[in-house]
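Analysis of the macromolecular model
What follows is each chain in one-letter form.
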Amino acid sequence: MLRRVHHVGLVVRQLEAGLAFWQDLLGLRVSKQATVRDQGVRAALLPIGRSEIELLEPIDSSGGVAKFLAKRGEGLHHVCFETADVDAELAAARAQAFPLIDEKPRAGLAGMICFLHPKGTRGVLVEFATPPPDDAAHPHAASTRIPGLALDEIVARSRDAGGAATLFTERLGLGRAPAGTAAGLVRAAVQTGGVRLVFASPDPGGGAEAAAWAAALDEQGEGLAGLVLGVDDVAAASAALGTQAPAPDGGMLRLDPANCHGVPLTLRSAP
Ligand code: CMX
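The structure displayed is predicted, hence computed values, not measured ones.

Further remarks concern the overall build of the protein. Summing up its helical and strand segments, the protein has six helices and 15 strands in all. Taking 2.2 N^0.38 as the reference for a compact globule, 271 residues should give roughly 18 Å; the C-alpha atoms of the protein span a radius of gyration of 18 Å, in line with that estimate. Summarising its shape, the C-alpha atoms of the protein cover approximately 45 × 40 × 35 Å along the three principal directions. Evaluated residue by residue, the protein yields a buried proportion of 54% over its 271 residues. Residue pairs in contact within the protein that sit at least 24 positions apart in sequence constitute 63% of those at least 6 positions apart.

Have a look at this one:
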């Protein structure tokens, strides 16, 4: 059973620059930091609500993360789901005929981990992790600068939002969730541990928003497209972000990805 979104992995050019944003500006705390040589990265985990952000700086130019950075630049890299039994989860994925990257779990920053290939999961690189027993109880992690800051939603670009959500429910065992609406997009969502993974595809009659989403699909393919963070109070979040905060737009703050190491980031009042 995939019991929560353990973390979302973000590729950054330099770990310290990523920490300046997520730790110093957004007020998250680093819970773990290490060099993981066999993954070719320096990495840090920062709890946010019931999940975590994982920053990844490539240190090996031939590794997957370095190749990703060279090809796509900084930004969203993978989603990791926590399970009590990573061996069983990997066996279940194999039985479901998912293409695998790892044939057996190995040690990573989040515990024992393994990856499924994004070509089998609608362009979303999926990791499973079983944390060490002393990490298992994950309290709701607060920010020191933005009250209520928590990961609410991970958005993925999709050609067929409904089909992607069905794949994640029927073959990975996640629960279906209300997807909400967005102009010009068809959305379908799954959830675990209070975080939604929302697939969005262009609505055929959807106007400018649908056309922009379709163009992004043509250019970048299916895959991770943004994060939505909940906050207690959008005005207080805006004040904490200072010059980085745009004007609130319909009660939301949409930060410029150029200021967030390539991550399209929206802050809004928690539902
Ligand atoms: N998300 C979605 N697709 C990705 C991707 C990602 N993060 N990284 C690469 N791809 C896609 C590429 O765009 C490419 O697609 P096309 O064939 O359509 O062009 C395809 O995968 C192959 O990419 P590549 O650049 O040729 O790179 P490789 O095949 O050598 O490696 C991958 C890709 C995903 C197999 C490799 O990065 C990998 O094994 N990743 C898992 C391990 C990992 O990411 N570790 C870092 C995190 C460590 C941790 O959390 O502890």
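On to the site of the ligand, then. Taken together, 20 residues lie near the ligand, and Gln 39, Glu 54, Lys 67, Arg 72 and His 77 sit nearest. One of the side-chain nitrogen or oxygen atoms of Arg 72 is found 2.7 Å away from an oxygen atom of the ligand. Glu 127 places a polar side-chain atom, nitrogen or oxygen, 3.4 Å from an oxygen atom of the ligand. Burial of the ligand by the protein amounts to 70% of the accessible area it has alone, namely 970 Å². Of all elements in the fold, only strand S4 (51-58), helix H2 (64-72), strand S5 (75-83) and strand S7 (111-116) reach the threshold of two or more residues within the shell around the ligand. At six residues, H2 tops the list of elements feeding residues into the shell around the ligand. In terms of residue class, the shell around the ligand is made up of nine nonpolar, six polar and five charged.

So, on to the nonpolar core. Judged by nonpolar contacts, the single largest core of 62 residues is most densely connected at Trp 22 and Leu 227. Ignoring sequence-local partners within four residues, the contact set of Leu 227 consists of Val 8, Leu 10, Trp 22, Ile 53, Leu 76, Leu 151, Glu 153, Ile 154, Val 263, Pro 264, Leu 265 and Thr 266. Listed in part, the ten residues of the second largest apolar core include Val 36, Val 41, Ala 43 and Leu 69.

The subject of this paragraph is the domain arrangement of the protein. Under the domain assignment used here, the protein contains domain 1 (2-130) and domain 2 (150-269). Taken over C-alpha atoms, the centre of domain 1 sits 19 Å from the centre of domain 2. Of the roughly 2,900 Å² buried between domain 1 and domain 2 on both sides combined, carbon and sulfur atoms contribute 72%. On the domain 1 side of the interface with domain 2, the three residues burying the most area are Phe 21, Leu 76 and Arg 122, jointly 25% of the side's total. Viewed at the interface, domain 2 and domain 1 are joined by eight residue pairs in polar contact (both at pLDDT 80 or more). Of all elements in the fold, only strand S1 (2-11), helix H1 (15-25), S4, S5 and strand S8 (126-130) reach the threshold of two or more residues within the side of domain 1 that touches domain 2.

The next subject is the side chain of Arg 187. Mapped onto the elements, Arg 187 comes out in strand S11 (residues 185-192). Here Glu 153 takes part through its side chain, which lies 3.2 Å from a polar atom of the side chain of Arg 187.

All right, on to helix H3 (residues 86-95) then. Helical periodicity: at 3.6 residues per turn, an α-helix aligns residues three or four positions apart in one direction. If you check which residues of H3 are buried, you get Val 86, Glu 89, Leu 90 and Ala 93. Within H3, the buried residues cover an arc of 100 degrees as seen down the axis, which keeps them to one side. Residues Asp 87 and Ala 95 are exposed on H3 and point more than 90 degrees away from its buried face. In the core, the buried residues of H3 are packed alongside S1, S5, S7 and S8.

With that out of the way, let us pick up the pattern of salt bridges. Summed over the entire model, instances satisfying the criterion amount to twelve salt bridges. Notably, a salt bridge pairs Asp 102 with Arg 106, separated by 2.7 Å at the nearest N-O pair. For Asp 102, a relative accessible area of 8% translates into the label buried. Among the charged side chains, a network of salt bridges with common partners joins Arg 3, Arg 4, Glu 52 and Glu 82.

How each quantity is defined
Residues numbered from 1 in each chain as written. Predicted model: local features only at pLDDT ≥ 70, side-chain atom pairs only at ≥ 80, totals over all residues. Heavy atoms only, no water. Helix = DSSP H or I, 4+ residues; strand = E, 2+ residues; numbered from the N terminus. Rg over C-alpha atoms; globule rule 2.2 N^0.38 Å. Buried < 20%, exposed > 50% of the residue type's maximum accessible area, 1.4 Å probe, protein only. Contact = heavy atoms within 4.5 Å. Near = heavy atom within 4 Å. Polar contact = N/O pair within 3.5 Å; in protein donor to acceptor, adjacent residues only side chain to side chain. Areas by Shrake-Rupley, 256 points an atom, 1.4 Å probe, with all protein chains shown as cover. Nonpolar A, V, L, I, M, F, W, Y, C, P; charged D, E, K, R; others polar. Core = buried A, V, L, I, M, F, W, Y, C linked by side-chain atoms within 4.5 Å. Domains from an automatic or database assignment. Buried area = accessible area lost by both parts, 1.4 Å probe. Arc of directions from axis to C-beta. Salt bridge = Lys/Arg side-chain N within 4 Å of Asp/Glu carboxyl O.

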